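An overview of the molecular structure
Each chain, letter by letter, is given below.
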Amino acid sequence: MVEKKEHELIVSVSPHIKGEESVSRIMWSVNLALLPAFLMSLYYFGPRALLVTLLCIGAAVASEYIIQKSLKKDVTVSDGSAFLTGLLLGMNLPPGVPFYIPIVGSVVAIVITKQLFGGLGYNIFNPALIGRAFLLISWPKAMTIWSESTAAFVGLDAKTTATPLGILKEEGLGKLIEMFGDKINLYTQLFVGNRAGSLGETSVIALLLGAAYLLYRGYITWHIPLSFLATVGVLAWIFGGKSGLFTGDPLIHLLSGGLMLGAFFMATDYVTCPTVRKGQIIFGIGCGAITILIRLKGGFPEGVMFAILLMNCFAPMIDRSVKTKQFGAIKETKK
Amino acid sequence: MSHIHRTNWELIKNGVFSENTIFRMAISLCPSIAVTNNLKNGFMMGISVLFVQVMVNITVSLIRNFINPKIRIPIFMLIIAGWVSIIDMTMAAFARTIYKDISLYIQLIVAFASIFARAEVFASKNKLVPSLMDGIGMGTGFFLAMIVISFFRELLGKGTLWGLPIVAGKPLLIMILPAGGFFAVGILMGFFNWIDIRFYGGKGASGA
């Protein structure tokens, strides 16, 4: 259905060269790029992770199919965007959530955030993140029970614990270093992903691997992730320290929480970020600043989700404000 | 509007269905989100607006021939403010606990678009009985909307109705937060539009 439509709608000047890229191709590539992080979540959180992720994907795809059927639109389940929303939502959930949570989250993400606004390309907010925000606000308790990362399939019941950012907020950096032995071990474990957290956010190296693939294919550009991460790093260094300005630890803020997942896979969502490069940098800086504000001063330990959602609102305004001038346009003189 | 002759029943149906303040006209949405997180507040708010709407329509209709058109806006304002003060003071005296929650929004009835609009487009051009019926219709429409919204929000958000426990726990906490108010109003508005299109061909339930 999608393929046929694209052929019908080609109206362009010569030369008629057509690339192979299409919406479904990009979407499935992003799904593929998330595969390493998904595998790491299986390794650390076991079969439960698989179950939660599959529930999310299943519910997302099913609700996309049902709502498109009932609204009498073309069914575009096969383009992978609903699959991607489900996968991203699954990666944003704690491992031990009760099973109604992934389902409700997916339905909210697809039906309310995406389809009621007009479907793919028309949504103002990132569907997976709205789904998660809805869940976090509705069931704050169930959404913040983090289980320890036990190397998979050991068969032990997972113990619950706080996330590194939660510990950082409540008890400070010293306690965190004490837990992991020394500082180097702390960074290594965070980098590999051996820590409590949402399913797909823990393993920085797996996420970077996927991001490198997307950057190589040109599906995302460096503008948003880099400005996002740099802002978080710099602001964490300036304001993150207990003993004064410029004493914070930027690495711990960069490696923990959902920052990598958010910066590379969610802030770069084509639909909800600015399209102009300059605007994308402003967007990334805004995301970073709000993230650090929430992490250091807000009520939640983690702020990536709310930061991206808040900046999503501003995306059209940013685009308008950095519009490039037409060549040869003259500045209007005031009379 | 005033030149079409309508029966009293049609006037009431018009207010409740085809020109429902919240779901069809989408005006006065501020209280529909602010005070509808429980049924009791929604009910009192609805009753207050119903009362003010009816009394303003009656008053304006009675004195419509004595109002100089040039200063009609301030006159309407004074009439509305007078009736709002009466309901405000009554509630302060006899319903103190609820008054604490919603007093701000009771006083805001003075600035309600729906009440002002009915005074301007209907009551100031019609006789007493049609104006009374219009006021009852419009007020009831608002009242029912408040009841429906707050019913779902309290039931889903707190698991209670009128303060009595119905469902254990808090099934969907977001519904009593402001964001949930927007969800509730939006989804119900969509639902009523769907009913309208599906069963009445988009012409409004009263067939007008």
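Parameters and conventions
Residues numbered from 1 in each chain as written. Chains lettered and ligands numbered in written order. Predicted model: local features only at pLDDT ≥ 70, side-chain atom pairs only at ≥ 80, totals over all residues. Heavy atoms only, no water. Helix = DSSP H or I, 4+ residues; strand = E, 2+ residues; numbered from the N terminus. Rg over C-alpha atoms; globule rule 2.2 N^0.38 Å. Buried < 20%, exposed > 50% of the residue type's maximum accessible area, 1.4 Å probe, protein only. Contact = heavy atoms within 4.5 Å. Areas by Shrake-Rupley, 256 points an atom, 1.4 Å probe, with all protein chains shown as cover. Lys, Arg positive; Asp, Glu negative; His and termini not counted. Charge placed at Lys NZ, Arg CZ, Asp CG, Glu CD. Salt bridge = Lys/Arg side-chain N within 4 Å of Asp/Glu carboxyl O. Phe/Tyr/Trp six-rings, centres within 6.5 Å; stacked < 30°, edge-to-face > 60°. Axes fitted to C-alpha atoms, helices over the stretch in contact; angles between N-to-C directions. Parallel < 35°, antiparallel > 145°, perpendicular 65-115°, else oblique. Nonpolar A, V, L, I, M, F, W, Y, C, P; charged D, E, K, R; others polar. Expected span 1.5 Å × (residues − 1). Disulfide = S-S within 2.5 Å. Domains from an automatic or database assignment. Polar contact = N/O pair within 3.5 Å; in protein donor to acceptor, adjacent residues only side chain to side chain. Buried area = accessible area lost by both parts, 1.4 Å probe.

Examining the overall build of chain A
When you go through chain A residue by residue, the secondary structure sums to 16 helices and two strands. Here the C-alpha radius of gyration of chain A, 21 Å, is about what a compact globule of 335 residues would show, namely 20 Å. Residues classed as buried in chain A amount to 50% of the 335 residues present. Residue pairs in contact within chain A that sit at least 24 positions apart in sequence constitute 72% of those at least 6 positions apart. In the form shown here, chain A has an accessible surface area of approximately 16,800 Å², with 67% of it arising from carbon and sulfur atoms. The centroid of the 28 positive side-chain charges in chain A is displaced by 8 Å from the centroid of its 20 negative side-chain charges.

A closer look at unusual backbone geometry
All names here are of chain B. Even without being glycine, Ala 26 reaches a positive phi, approximately 55 degrees. Note that Ala 26 resides in the loop between helix H1 (8-18) and helix H2 (29-34). Of the residues examined, Ala 26 reaches a relative accessible area of 36% and is grouped as partly exposed. Look at Trp 162: it is not a glycine, yet its phi comes out positive at around 55 degrees. As for its placement among the helices and strands, Trp 162 is situated in the loop between strand E1 (160-161) and strand E2 (164-165). The class of Trp 162 is partly exposed, set by a relative accessible area of 38%.

Structural notes on the pattern of salt bridges
Residues and elements named next belong to chain B. All told, the structure shown has eight salt bridges over all chains when counted by the stated rule. Put simply, Arg 24 and Asp 196 hold a salt bridge, and the shortest N to O gap is 3.0 Å. A residue pair is termed long-range when its members are at least 10 positions apart, and Arg 24 in the loop between H1 and H2 and Asp 196 in helix H8 (residues 178-200) qualify at 172 residues. A relative accessible area of 6% means that Asp 196 is categorised as buried. Connected through salt bridges with shared partners, the residues Glu 19, Arg 118 and Asp 134 form a single ionic network.

What about the packing of aromatic side chains?
Centre distance and the angle of the planes are the two values used to describe a pair of aromatic rings. Per the stated rule, a full pass over the model turns up 15 aromatic pairs over all chains. Note on Trp28(A) and Phe83(A): the rings are 5.0 Å apart at their centroids and 50 degrees apart in plane angle, and the pair reads as tilted. Of the two residues, Trp28(A) is situated in helix H2 (residues 23-33) and Phe83(A) in helix H5 (residues 81-91); the sequence distance between them amounts to 55 residues. In this structure Trp28(A) comes out as partly exposed when scored by relative accessible area, which is 38%. Judged by relative accessible area, which is 27%, Phe83(A) ranks as partly exposed. When the centroid spacing of 5.4 Å and the interplanar angle of 40 degrees are considered together, the rings of Phe300(A) and Phe306(A) count as tilted. Grouped by ring-pair contacts, the aromatic residues Phe23(B), Phe191(B), Phe192(B) and Trp194(B) constitute a single cluster.

Description of the packing of helix H3 (residues 39-62) of chain B against helix H7 (residues 128-158) of chain B
Residue and element names in this part refer to chain B. One way to put it is that H3 packs onto H7 with a least axis distance of 8 Å and a crossing angle of 170 degrees. Looking at the two axes, H3 sits roughly antiparallel to H7. Per-class residue counts for the contact of H3 with H7 are 18 nonpolar, ten polar and three charged.

Comments concerning helix H6 (residues 100-115) of chain A
Along an α-helix, a turn takes 3.6 residues, which lines up residues three or four apart on a common side. The end-to-end C-alpha distance of H6(A) is 21 Å, a good match for the 22 Å that 16 residues give at a rise of 1.5 Å each. Counting buried positions over the 16 residues of H6(A) gives twelve, a clear majority of the element. Buried within H6(A) are the following residues: Ile101(A), Pro102(A), Gly105(A), Ser106(A), Val108(A), Ala109(A), Ile110(A), Val111(A), Ile112(A), Thr113(A), Lys114(A) and Gln115(A). Check the buried side of H6(A) and you find it contacts helix H4 (47-70), H5 and helix H7 (127-138) of chain A together with H8 of chain B.

So, the environment of Phe192(B)
With respect to the secondary-structure elements, Phe192(B) resides in helix H8. For the pair Phe192(B) and Tyr105(B), spaced 87 residues apart in sequence, the C-alpha to C-alpha distance is 25 Å.

What to know about the state of the cysteines
Residue and element names in this part refer to chain A. Counting across every chain of the model gives zero disulfides over all chains. In this structure Cys 273 is not part of a disulfide, and its nearest cysteine sulfur, from Cys 287, lies 9.4 Å away. Exposure remark for Cys 273: the relative accessible area of 7% places this residue in the buried category.

Considerations on the domain arrangement of chain A
Residues and elements named next belong to chain A. Each domain of chain A was delimited in the assignment, giving domain 1 (20-143) and domain 2 (164-319). Here domain 1 and domain 2 have C-alpha centroids that lie 21 Å from each other. Domain 1 puts 37 residues into the contact, and the matching count from domain 2 is 33 residues. Here domain 1 is connected to domain 2 by zero salt bridges. The tally of links between domain 1 and domain 2 comes to six residue pairs in polar contact (both at pLDDT 80 or more). Mapped onto the side of domain 1 that touches domain 2, the elements with two or more residues apiece are H2, helix H3 (35-45), H4, H5 and H7.

As for the interface of chain B and chain A
Counting from both sides, the interface comprises eight residues of chain B and, opposite them, six residues of chain A. A combined buried area of about 630 Å² lies between chain B and chain A, and 81% of that area is made up of carbon and sulfur atoms. Our enumeration of links across chain B and chain A arrives at zero salt bridges. Remark: the boundary between chain B and chain A carries zero residue pairs in polar contact (both at pLDDT 80 or more). Looking at side-chain class alone, the side of chain B that touches chain A contains seven nonpolar, no polar and one charged residues.

Here we look at the side chain of Ser138(A)
Along the chain, Ser138(A) turns up in helix H7. With near-sequence residues (within four places) excluded, Ser138(A) lies in contact with Leu172(B), Leu173(B) and Ile174(B).

Focus on the environment of Gly298(A)
All names here are of chain A. Among the structural elements, Gly 298 can be located in the loop between helix H15 (277-297) and helix H16 (304-321). In sequence terms Gly 298 and Thr 160 are 138 residues apart; their C-alpha atoms lie 23 Å from each other. Each residue touching Gly 298, except ones within four places of it in the same chain, is listed here: Lys 169 and Leu 293.

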